[in-house]
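Listed here are the chains, written in short residue letters.
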Amino acid sequence: MGAQPTPERLSLMLGLLLLMLSTIPRYLVGGHASRLNLILIALLVVAGAAVVNWRMLEAEARLRLPHLMGRLGACMVAGLAGMGLYHALFTDFIGWELLIAHGATLGLLLHALSLWVKAPSA
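Keep in mind it's a predicted model, so treat the numbers as computed, not measured.

**Some remarks on the overall build of the protein chain**
Counting secondary structure elements, the protein chain contains five helices and zero strands. Each helix and strand of the protein chain, ordered N terminal to C terminal, gives the series α-α-α-α-α. Across its three principal axes, the protein chain shows a C-alpha extent of roughly 45 × 30 × 25 Å. Residue burial in the protein chain is summarised as follows: out of 122 residues, 34% are buried. Within the protein chain, contacts between residues separated by at least 24 positions form 75% of all contacts whose residues are at least 6 apart in sequence. If you sum the accessible surface of the protein chain, you get close to 7900 Å²; carbon and sulfur atoms cover 71% of it. When the 8 positive and 5 negative side-chain charges of the protein chain are each reduced to one mean point, those points stand 4 Å apart.

If you want it as structure tokens, here you go:
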């Protein structure tokens, strides 16, 4: 429980926020009000944790965050492209809202894997 806040964790939290935001259109189009309410509550909780993590970061650790956010953005674009290609080749048209949610999920997974592969040695 004594884990120190890191910019890598914060970038993952911000990616999770993007992922949760990307699912909102899916629930609005599908009429899933209870799931929408639950994702909005989870969004607030994760946003609160991200703010606390940001405030606990040291100044030099905050300087690493822009690079990580660029990496997150690149992974999100790659995830969207990957899921677009996958759905174009192997499935019927699923709708833009589902494509965005799936792409954000793949993008966050790619970002997490890239952080794991290039984990800083402590």
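What follows continues from the structure just given.
**Focus on helix 1 (residues 7–30)**
For helix 1, spanning 24 residues, the distance from its first C-alpha to its last is 35 Å, which sits close to the expected 34 Å at 1.5 Å a residue. Among the residues trailing helix 1, Gly 31 stands out with phi positive, at a value near 75°.

What counts and how
- Residues numbered from 1 in each chain as written.
- Predicted model: local features only at pLDDT ≥ 70, side-chain atom pairs only at ≥ 80, totals over all residues.
- Heavy atoms only, no water.
- Helix = DSSP H or I, 4+ residues; strand = E, 2+ residues; numbered from the N terminus.
- Buried < 20%, exposed > 50% of the residue type's maximum accessible area, 1.4 Å probe, protein only.
- Contact = heavy atoms within 4.5 Å.
- Areas by Shrake-Rupley, 256 points an atom, 1.4 Å probe, with all protein chains shown as cover.
- Lys, Arg positive; Asp, Glu negative; His and termini not counted.
- Charge placed at Lys NZ, Arg CZ, Asp CG, Glu CD.
- Expected span 1.5 Å × (residues − 1).

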